Amino acid sequence: MTRLKFLALSISLFTAACSPHRLIGNQINHFSQENVLPVVMASDDITMVCHANETNTPLLMSFNKFGVDSSLLLAMGYSGAATCLDVEAHEKQIWSALAERQGLVNMAQDARIAQQLLNRDAGKRQILAYQNMASYFKQNYQYEIGEGQCPTIKEDREQLLLIVGATAALQALKNDVASGRLINFDMSIPAKVGRAMSCVDNEKWWGEPQAIQAGLKVILPKDAAEEQQAWQKLQDATDIGLQTGVRLAHATYAAIASIKGRDDYLRDALKRFEALPEATLNTQYKLLNQIAALQVRQVANMYWVKNEGRRAPTENFSQFWDEKAKPSATVNQLLDEL
């Protein structure tokens, strides 16, 4: 290589490395991971966070062509942005079910079609969340999700990324089914996700890794004995969530029970969720607790609509219509005094 060509190449590489767009992108990426992400996780305003993700995700995407690795934040962003569409899809699902109960066939069918399209769009965002998570670990750890030996993951936010991406993948599968397979979800992903959950500490991360693994075995069990054991592990995972103050495992348990049509486990999941005192919740991860609460309420809503023709009440949705209300402590005290 001539000296002139070498000089030209050096200038080109230097210019690319010092591109103002890349510098800005790297700074935004670093600042967001260090400062914005913790604030978002401590927020309890799902709607605000959801729409913020819809706004900011394209900004992060714009830096990719300048060599900025925004995959961690993009995975979080797509997962959060999918929540907006999930909420809309759920409302259409309720309207469709209620219209069907009332014999309004055309209205029920129209709401069902709208729901399927929203499920499709939510699922697409969730797949992108999973893909960006997978891209991050491939680029930074040379780890293919669910393949080979687990990497030694350095940062807590990276471990959280793995859990968020795995959860998004399973939600994408659920949305694919709900949409009538409009997404054509890759069915090899769930097994990869299940294996990848062995790469993070189950106790530290609220029992959610175990809940994901157990949920997959409930959905696709080898035999009845494995399914029964998996149900027990789902319940055990909620006990860890109770101790650590994060309710993701409760949401996974409720969702799996709903998917399998097991009313006994669904009722147990709802009761476990409502039995968790608000004062014990982990304030560092308020957003995840709120998302879990939203997902559990959606399961409860459809169970109440199916049986009572209306969505779940604002409180005590695990006090079911066929159960006698328990006397309050005050009533018991008055009875004792008499």
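Bear in mind the structure is a predicted one, so any value in this text is a computation, not a measurement. (Residues numbered from 1 in each chain as written. Predicted model: local features only at pLDDT ≥ 70, side-chain atom pairs only at ≥ 80, totals over all residues. Heavy atoms only, no water.)

## Re the overall build of the protein
This is how the line gets drawn: Helix and strand assignments come from DSSP, with helices taken as H or I runs of at least 4 residues and strands as E runs of at least 2, each series counted from the N terminus. Residues are treated as being in contact if the distance between any of their heavy atoms lies within 4.5 Å. Under the convention used here, Asp and Glu are negative, Lys and Arg are positive, and both His and the chain ends fall outside the count. For charged residues, the charge sits on one atom: NZ in Lys, CZ in Arg, CG in Asp, CD in Glu.
Across its full length, the protein carries 13 helices and 0 strands. With the C-alpha coordinates aligned to their principal axes, the bounding extent of the protein is approximately 100 × 50 × 40 Å. Of the contacts made within the protein by residues no fewer than 6 positions apart, 68% connect residues no fewer than 24 positions apart. Measuring between centres, the 34 positive side-chain charges of the protein sit 7 Å from its 37 negative side-chain charges.

## Remarks on unusual backbone geometry
Positive phi is not limited to glycine here, since Gln142 has a value of about 50°. Looking at the secondary structure, you find Gln142 in the loop between α5 (105–141) and α6 (156–178). Its identity is not glycine, yet Asn184 carries a phi of approximately 60°, on the positive side. Along the chain, Asn184 falls in the loop between α6 and α7 (189–196).

## Details of the layout of surface pockets
Condition: Both site types are read off a 1 Å grid over the protein atoms alone. A 1.4 Å probe that fits but cannot get out defines a cavity, while an open set with protein on both sides within 12 Å along at least five of seven lines defines a pocket; lining residues have an atom within 4 Å of a point. Grid points are joined across faces, edges and corners, and a volume is the space filled by probe spheres set on the points. When residue character is reported, Ala, Val, Leu, Ile, Met, Phe, Trp, Tyr, Cys and Pro are called nonpolar, Asp, Glu, Lys and Arg charged, and the others, Gly included, polar.
Empty space within the second largest pocket amounts to approximately 250 Å³. Taken together, 13 residues form the lining of the second largest pocket, with Arg247, Phe273, Glu274, Glu278 and Phe317 sitting closest to its centre. Elements that contribute at least two residues to the lining of the second largest pocket include exactly α11 (263–274) and α12 (286–308). Top contributing element to the lining of the second largest pocket by residue count: α12, with 3 residues. Grouping the amino acids of the lining of the second largest pocket by side-chain chemistry returns 5 nonpolar, 3 polar and 5 charged.

## Structural notes on the pattern of salt bridges
Put simply, the rule is: We count a salt bridge whenever a side-chain nitrogen from Lys or Arg sits within 4 Å of a carboxyl oxygen from Asp or Glu. Partly exposed describes any residue whose relative accessible area lies between the buried limit of under 20% and the exposed limit of over 50%, with all areas from a 1.4 Å probe on protein chains only and scaled to the type maximum.
Taken as a whole, this structure holds 16 salt bridges when the rule is applied. For Glu34, the salt bridge is made with Arg157, and the minimal N-O distance between the two is 3.0 Å. Within this pair, whereas Glu34 is found in helix α2 (residues 20–41), its partner Arg157 is found in helix α6, the two being separated by 123 residues in sequence. Between Lys204 and Asp156 there is a salt bridge; the shortest N-O distance is 2.5 Å. Remark: Asp156 occurs in helix α6 and Lys204 occurs in the loop between α7 and α8 (208–219); sequence separation between them is 48 residues. For Lys204, a relative accessible area of 38% corresponds to the partly exposed category.

## Some points on the packing of helix α3 (residues 46–62) against helix α4 (residues 71–101)
Filter applied, for reference: Angles run from 0 to 180 degrees between N-to-C directions of axes, and those axes are lines fitted to C-alpha atoms, restricted for helices to the stretch in contact. When an angle is under 35 degrees it counts as roughly parallel; over 145 it counts as roughly antiparallel; between 65 and 115 it counts as roughly perpendicular; any other value is oblique. Crossing handedness is defined as follows: a turn of the near helix away from the far one that is anticlockwise and smaller than a right angle gives a left-handed crossing, while the clockwise case is right-handed.
Remark: α3 packs on α4, axes separated minimally by 8 Å, with the N-to-C direction vectors making an angle of 135°. One way to sum up the angle between α3 and α4 is to call them oblique. The element α3 and its partner α4 pack so that their crossing is left-handed. Here Ile46, Cys50, His51, Asn53, Glu54, Thr57, Leu60 and Met61 of α3 lie close against α4, whose contacting residues are Leu73, Leu74, Met76, Gly77, Tyr78, Gly80, Ala81, Thr83 and Cys84. Across the contact of α3 with α4, the residue classes tally to 10 nonpolar, 6 polar and 1 charged.

## Structural notes on the confidence of the model for the protein
Parts of the model with low pLDDT should not have their predicted coordinates read in detail. Selection rule: A residue's pLDDT is the predictor's confidence in that residue, given on a scale from 0 to 100.
Chain-level pLDDT for the protein is 91 on average; 91% of the residues reach the 70-or-more range. Note that pLDDT drops below 50 for residues 9–16; the model gives that stretch 2 contacts with residues more than four away or on any other chain.

## Observations concerning the nonpolar core
Operational definition: Here, nonpolar core refers to any group of buried Ala, Val, Leu, Ile, Met, Phe, Trp, Tyr and Cys residues whose side-chain atoms link them within 4.5 Å.
Formed by 73 residues in total, the largest nonpolar core has its most connected members in Phe137, Ile145, Leu160 and Leu162. No other element matches the 10 residues that α6 contributes to this core.

## Observations regarding the packing of aromatic side chains
Rules: For this analysis, a ring pair means two rings from Phe, Tyr or Trp (six-membered ring only for Trp) whose centres lie within 6.5 Å, classed as stacked if their planes differ by under 30 degrees, edge-to-face if by over 60, and tilted for the remaining angles. Cation placement over rings: the criterion is NZ of Lys or CZ of Arg within 6 Å of the ring centroid and within 35° of the ring normal.
Scanning the entire structure with this criterion turns up 13 aromatic pairs. Where Phe273 meets Phe317, the ring centres are 6.5 Å apart and the plane angle is 20°; that geometry is what we call stacked. Within this pair, whereas Phe273 is found in helix α11, its partner Phe317 is found in the loop between α12 and α13 (329–337), the two being separated by 44 residues in sequence. Each member of the pair, Phe273 together with Phe317, is buried. An aromatic cluster of at least three residues, connected via ring pairs, comprises Tyr303, Trp304, Phe320 and Trp321. Stacked on the ring of Phe320, the Lys or Arg Arg267 has its end atom at 4.3 Å from the ring centre. Above the ring of Trp321, the side-chain terminus of Arg267 is found at 5.4 Å from the ring centroid.

## Some details on the state of the cysteines
Filter applied, for reference: Criterion for a disulfide: a pair of cysteine sulfur atoms at a distance within 2.5 Å.
Under the defined criterion, the tally for this structure stands at 2 disulfides. Paired by a disulfide, Cys50 and Cys84 hold their sulfur atoms 1.4 Å apart. Here the residue Cys50 occupies a position in helix α3, and Cys84 occupies one in helix α4, the gap between them amounting to 34 residues. Of the two residues, Cys50 and Cys84, neither departs from the other in class, the shared state being buried. Each sulfur in the disulfide pair Cys150 and Cys199 lies 2.0 Å from the other. Negative torsions about the S-S bond denote left-handed disulfides, and the value of about -75° found for Cys150 with Cys199 makes this one left-handed. A residue pair is termed long-range when its members are at least 10 positions apart, and Cys150 in the loop between α5 and α6 and Cys199 in the loop between α7 and α8 qualify at 49 residues. In this structure Cys150 comes out as partly exposed when scored by relative accessible area, which is 31%.

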